[in-house]
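# Remarks on the overall topology
Each chain, letter by letter, is given below.
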Amino acid sequence: RVPRRWYCCGGRSRKKFFNKMEIEKKYLLKELPENLYAYPSQAIEQGYIIITEKEELRIRKRGEALSLTFKRGSGTTRHEVEIDLTKEEYDLFEQEVIGEPIYKQRLNYPYGEHTIEIDIYKGSMEGLVVAEVEFPSPQSMDVFSPPTWFGEDVSSMKEFKNKALALQGIPASL
């Protein structure tokens, strides 16, 4: 089994490698929380290379960090593997992106023992705002009490997965 965080050297570059179970819920928001813009944020650009029913391969630019992420599974628990990319590697994968690239601003909002990641979508997905919360275990997810400004739990709704947004845009239900 590969440790959760493992650092290796590939040629001259040092790459970060993650192998973990992602336990996460996604919500629409009824309203934005107070003082949201007082918390850290980053611009994110991501595109999908491979999309199947239960698997995805994506590239992401988060600030200056570039990564390649593979996810397998569905629902709230998925297997995730991520590695850092060089600019040259990112540029090669970027040529293979299918669908629309996703542009969003991610704000990290503290809430009790959790950090809520609030994604404000840009470009063709302007107007979509979601909150994601990651959990250390299924049990902690089950006892999570969302704040009052959270709206519908869309964790199991395929049309709100980023890979679906890249292929189909904002769901018609909004």
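Residues numbered from 1 in each chain as written. Predicted model: local features only at pLDDT ≥ 70, side-chain atom pairs only at ≥ 80, totals over all residues. Heavy atoms only, no water.

With that settled, the discussion passes to the pattern of salt bridges. In this structure the tally under the stated criterion is 16 salt bridges. The partner of lysine 71 in a salt bridge is glutamate 22, and the shortest N-O contact between them spans 3.1 Å. Linking lysine 71 in strand 5 (residues 65-74) with glutamate 22 in strand 2 (residues 13-29), this pair joins segments that are 49 residues apart in sequence. Salt bridges sharing common partners tie together Lys20, Glu22, Glu56, Lys71, Arg78, Glu80, Glu134 and Lys163. (Salt bridge = Lys/Arg side-chain N within 4 Å of Asp/Glu carboxyl O. Helix = DSSP H or I, 4+ residues; strand = E, 2+ residues; numbered from the N terminus.)

A few words now on the packing of aromatic side chains. Under the counting rule described, the total for this entry stands at eight aromatic pairs. For the pair tyrosine 27 and phenylalanine 144, a centre-to-centre distance of 6.5 Å together with 50 degrees between the ring planes defines the contact as tilted. Here tyrosine 27 is found in strand 2, whereas its partner phenylalanine 144 is found in the loop between helix 2 (138-142) and strand 10 (150-153), with 117 residues between them in sequence. The class of tyrosine 27 is buried, set by a relative accessible area of 5%. Seen in terms of ring centroids, tyrosine 27 and phenylalanine 150 are 4.5 Å apart; in terms of plane orientation they differ by 45 degrees. Their pairing is tilted. With tyrosine 27 in strand 2 and phenylalanine 150 in strand 10, the pair connects residues that are 123 residues apart, well separated along the chain. Comparing tyrosine 27 with phenylalanine 150, the two get one shared label, buried. An aromatic cluster of three or more residues is present, and its members are Tyr27, Tyr39, Tyr109, Tyr111, Phe135, Phe144, Trp149 and Phe150. (Phe/Tyr/Trp six-rings, centres within 6.5 Å; stacked < 30°, edge-to-face > 60°. Buried < 20%, exposed > 50% of the residue type's maximum accessible area, 1.4 Å probe, protein only.)

Purely geometric stuff here, so don't read any function into it on its own.
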